[in-house]
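So you can see what is in the structure, the chains are spelled out below.
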Amino acid sequence: MAVRDAFSTEEWRTVSAAPFLVGLYLVGASQCGPMGIVTEMLAAEKAVTLEASQPDGLPIVQEIEADLVAEVLTRDFGLIDGSDETQARVLGELTLALALVKTHSPGLDSAFRAWLFRVAEHVARASAEGSPGDRRVIGDHELDALHTLAGLLGVPR
């Protein structure tokens, strides 16, 4: 049985949005320009592709990747402006996705949470400050966002 079969269509949309919600939370924290937003969201997508391509990749991520390839994942995340309200909305949607995984696929819950934090770190590194030739530094806003996500995801920081 495919992981997605444990979820309704709407629930699966929520769950499959999780890595992008992590990316959006970091986008809101960094308040970067349009190119930064594109860079960060591409980093989230790349993290999905990288995990899905691993022989021991998480099945849930492999199914998210399959939906990306099939262009099934289309969802309007609304305005991402970095406001407290928007950031709270993104965290609320992520919390719902985590609850759905915990309920319907408890065996994948902790691995999925740990992977989502790795996505967050990947996105934060993609948006790091500094010129491409320099060592890139993750800014304070992104570090705060990573700390918040670590708490939500229940991963040690």
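Shown above is the structure to which this text applies.
Described in the following lines is the structure provided in the data block. Note that the coordinates shown come from a computational prediction; the quantities given were computed from them, not determined experimentally. Numbering of residues begins from 1 in every chain and follows the order in which that chain's sequence is written. Only residues with pLDDT of at least 70 get local features here, since the model is predicted, and only at 80 or more are side-chain atom pairs given and counted; chain-wide, interface and lining totals rely on the full set of residues. Note that the side-chain values use all heavy atoms of the structure and ignore hydrogens as well as water.

Re the packing of helix α6 (residues 109-126) against helix α7 (residues 140-153)
Step number 1: Lines are fitted to the C-alpha atoms to define the axes, a helix being fitted only along its stretch in contact, and any angle between axes, read from their N-to-C directions, falls within 0 to 180 degrees. Here a strand is any run of E in DSSP of at least two residues, a helix any run of H or I of at least four, and the numbering for each starts at the N terminus. At a minimum axis distance of 10 Å, the contact between α6 and α7 shows a crossing angle of 175 degrees. In terms of axis orientation, α6 runs roughly antiparallel to α7. Where α6 approaches α7, its residues Arg 113, Leu 116, Phe 117, Ala 120, Glu 121 and Ala 124 are matched on the opposing element by Leu 146, Leu 149, Ala 150, Leu 152 and Leu 153.
Step number 2: Residues are grouped as follows: Ala, Val, Leu, Ile, Met, Phe, Trp, Tyr, Cys and Pro are nonpolar; Asp, Glu, Lys and Arg are charged; all remaining types, including Gly, are polar. A breakdown of the residues in the contact of α6 with α7 according to their chemical character gives nine nonpolar, no polar and two charged. By definition in this entry, angles of less than 35 degrees are roughly parallel, angles greater than 145 are roughly antiparallel, angles of 65 to 115 are roughly perpendicular, and the rest are oblique. In this analysis, two residues are considered to be in contact whenever any of their non-hydrogen atoms come within 4.5 Å of each other.

Considering the environment of Leu 58
Step number 1: Structurally, Leu 58 can be placed in the loop between α3 (34-52) and α4 (59-69).
Step number 2: Each residue is placed in one exposure class: buried if its accessible area under a 1.4 Å probe, protein chains only, is under 20% of its type's maximum, exposed if it is over 50%, and partly exposed if it falls in between. Using a relative accessible area of 12% as the deciding quantity, one classes Leu 58 as buried.
Step number 3: Along the primary structure Leu 58 and Phe 112 are separated by 54 residues, whereas in three dimensions their C-alpha atoms are 7.5 Å apart.
Step number 4: Setting aside anything within four residues of it in sequence, one finds Leu 58 in contact with Glu 51, Leu 108, Ala 111, Phe 112 and Trp 115.

Side note on the packing of aromatic side chains
Aromatic ring pairs are reported here in terms of the distance separating the ring centres and the angle at which the planes meet.
Step number 1: Stacked, tilted and edge-to-face pairs are distinguished by plane angle, under 30 degrees for stacked and over 60 for edge-to-face with tilted covering the rest, among Phe, Tyr and Trp rings (Trp via its six-membered ring) whose centres lie within 6.5 Å. For the structure on display, the rule yields two aromatic pairs.
Step number 2: For the pair Phe 7 and Trp 12, a centre-to-centre distance of 5.8 Å together with 45 degrees between the ring planes defines the contact as tilted.
Step number 3: Taking relative accessible area as the criterion, Trp 12 reaches 4% and is therefore assigned buried.
Step number 4: A centroid spacing of 5.9 Å and a plane angle of 25 degrees characterise the contact between Phe 112 and Trp 115, whose relative ring orientation is stacked. Within this pair, Phe 112 and its partner Trp 115 are both found in helix α6, separated by three residues, close to a single helical turn.

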